[in-house]
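For reference, the chains in residue letters:
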Amino acid sequence: MRLSVRQLDYQIEGTTILKNISLEIREGEFVGLVGPNGCGKSTLLKAIYKTYKPQKGAVFVDGRDVCGLAPREMAREMAVMAQENSVEFDLEVMDMVMYGRYSHRKFFEGEKKEDREICLRFIREVGLAGYEHRSYLSLSGGEKQRVLLARALTQGSRLIVLDEPTNHLDVRFQYLIMQTLKKQDVTVFSSIHDLNLAAMYCDRILLMDQGQIIQAGTPEEVITAENIGRIFGVDTQITVNELTGKIQVYYLPDETGI
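These numbers were taken from a predicted model, which means no experiment stands behind them.

Caption draft 1: Structural detail: the overall build of the protein chain. Counting its secondary structure elements, the protein chain contains nine helices and 12 strands. Taking 2.2 N^0.38 as the reference for a compact globule, 258 residues should give roughly 18 Å; the C-alpha atoms of the protein chain span a radius of gyration of 19 Å, in line with that estimate. Dimensions along the principal axes, computed over C-alpha positions, put the protein chain at roughly 60 × 40 × 30 Å. In the protein chain, the proportion of contacts linking residues at least 24 apart, taken out of those at least 6 apart, comes to 64%. Approximately 13100 Å² of the protein chain is accessible, and the part contributed by carbon and sulfur atoms is 48%. Of the charged side chains in the protein chain, 31 are positive and 36 negative; the average position of the first set lies 7 Å away from that of the second.

Below, the structure is given as structure tokens:
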């Protein structure tokens, strides 16, 4: 599944949030979107999965404009895990995850054995085996995050778009989630807060600032001390981890005390 964004502009009350954004994500790639808070990452993702309608430009999946896709068809093509997932009514974890299968069923058709097996598989993969009958609203923030990822994976979509999927997670589950995503035979586009996680798991990185993609390339090309200093205002040292072969970002103290 290929994702293409072409000349996307988006404004809110006259303020430009996205400026002429174009990008291409190839089939099977794991691409990370990084940048400072407020630079437009979440807005870009919402434009891709049709929560926001851009003033200019278009989004395509395998050459098809997403604006022309019906909701069920969109769900079969693209799974989404957003930052905001407020749920006002309670469900068991299994029922929450089962929602990911709705686009594969006919209207009024009940769940099938295959649906249940797929749901149980991804509940296990996100580390929640035994939680099937737990109340979703009783879970911690990190546990809810993993339930929502399991739901996205059960859709069986060839493209997964995620907004900060490791939010609220401790270190163990941050890496478990990224490993789970990495081993799926799908295209992944995700905003990522942690530059070290992005460097370890992403094939390519898109660096965003002030509503624009300012650089795209491999982690080694994009996650540099110069870029981090210029965009994030932080001094760093970049090394290569001898065990993983991946770059590692070390953040240096601010000698000014600010």
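Caption draft 2: Just the sheet that holds strand β3 (residues 30-34), in detail. Strand order in the open sheet formed by six strands is β6-β7-β8-β3-β9-β10, and the pairing between neighbours is mixed. In this open sheet, the two edge strands, each paired with only one partner strand, are β6 (78-81) and β10 (212-217). The average undirected angle you get between the axes of adjacent strands in this sheet is 15°. By the bridge criterion, four bridges tie β3 to strand β9 (residues 204-209) in an arrangement that is parallel.

Caption draft 3: Region of interest: the pairing of strand β1 (residues 3-12). Relative to strand β2 (residues 15-25), β1 runs antiparallel, the two being bridged by seven bridges. The residue of β2 that forms the bridge with Ser4 is Glu24.

Caption draft 4: Structural detail: the packing of aromatic side chains. Using the criterion set out here, one finds two aromatic pairs in the structure. Measuring from ring centre to ring centre gives 5.0 Å for Tyr10 and Tyr52, while their planes differ by 5°; the resulting arrangement is stacked. Highlighted residues: Tyr10 in strand β1 and Tyr52 in the loop between α1 (41-48) and β4 (56-61), separated in sequence by 42 residues. Residue classification places Tyr52 among the partly exposed positions, given a relative accessible area of 24%. Geometry around Phe60 places Arg6 over its ring, the cationic atom sitting 4.4 Å from the centre.

Caption draft 5: Broad picture of the sheet that holds β4. Pairing is antiparallel across the open sheet formed by four strands, whose spatial order is β2-β1-β4-β5. The open sheet has two edge strands, β2 and β5 (64-65), and neither has a second partner. Along the sheet, α1 makes contact with β1, β2 and β4, crossing β2 at roughly 65°.

Caption draft 6: Structural context of the packing of helix α4 (residues 113-125) against helix α5 (residues 141-154). Packing of α4 against α5 leaves a shortest axis separation of 9 Å and a crossing angle of 140°. It follows from the interaxial angle that α4 and α5 lie oblique. Crossing hand, α4 versus α5: right-handed. Taken together, the residues of α5 that come into contact with α4 (itself represented by Ile118, Cys119, Phe122 and Ile123) are Ala150, Leu153 and Thr154. Broken down by class, the residue content of the contact of α4 with α5 amounts to six nonpolar, one polar and no charged.

Caption draft 7: Inspection of the nonpolar core at higher detail. With 50 residues, the main nonpolar core has Val147, Leu149 and Ile223 as its most contacted residues. If you tally residues by element for this core, the top one is α5, at six residues. If you look at the next biggest cluster of nonpolar residues, it comprises 29 residues, including Val5, Leu8, Leu23 and Phe189.

Caption draft 8: Structural view of the packing of α5 against helix α6 (residues 171-182). The geometry of α5 relative to α6 is characterised by a closest axis approach of 12 Å and an angle of 5° between their N-to-C directions. Relative to α6, the element α5 lies roughly parallel. Counting all contacts with α5, which are made through Arg146, Leu149 and Leu153, the residues of α6 involved are Phe173, Ile177, Thr180 and Leu181. Grouping the amino acids of the contact of α5 with α6 by side-chain chemistry returns five nonpolar, one polar and one charged.

Caption draft 9: Geometry of unusual backbone geometry. Residue Asn20 is not a glycine yet carries a positive backbone phi of 50°. Inspection of the secondary structure assignment puts Asn20 in strand β2. The backbone of Gln210 sits at a positive phi, close to 50°, despite the residue not being glycine.

Cut-off values and rules
Residues numbered from 1 in each chain as written. Predicted model: local features only at pLDDT ≥ 70, side-chain atom pairs only at ≥ 80, totals over all residues. Heavy atoms only, no water. Helix = DSSP H or I, 4+ residues; strand = E, 2+ residues; numbered from the N terminus. Rg over C-alpha atoms; globule rule 2.2 N^0.38 Å. Contact = heavy atoms within 4.5 Å. Areas by Shrake-Rupley, 256 points an atom, 1.4 Å probe, with all protein chains shown as cover. Lys, Arg positive; Asp, Glu negative; His and termini not counted. Charge placed at Lys NZ, Arg CZ, Asp CG, Glu CD. Pairing = 2+ DSSP bridges. Axes fitted to C-alpha atoms, helices over the stretch in contact; angles between N-to-C directions. Phe/Tyr/Trp six-rings, centres within 6.5 Å; stacked < 30°, edge-to-face > 60°. Buried < 20%, exposed > 50% of the residue type's maximum accessible area, 1.4 Å probe, protein only. Lys NZ or Arg CZ within 6 Å of the ring centre and 35° of its normal. Parallel < 35°, antiparallel > 145°, perpendicular 65-115°, else oblique. Left-handed = near helix turned anticlockwise from the far one by under 90°. Nonpolar A, V, L, I, M, F, W, Y, C, P; charged D, E, K, R; others polar. Core = buried A, V, L, I, M, F, W, Y, C linked by side-chain atoms within 4.5 Å.

Structural measurements only, silent on function.
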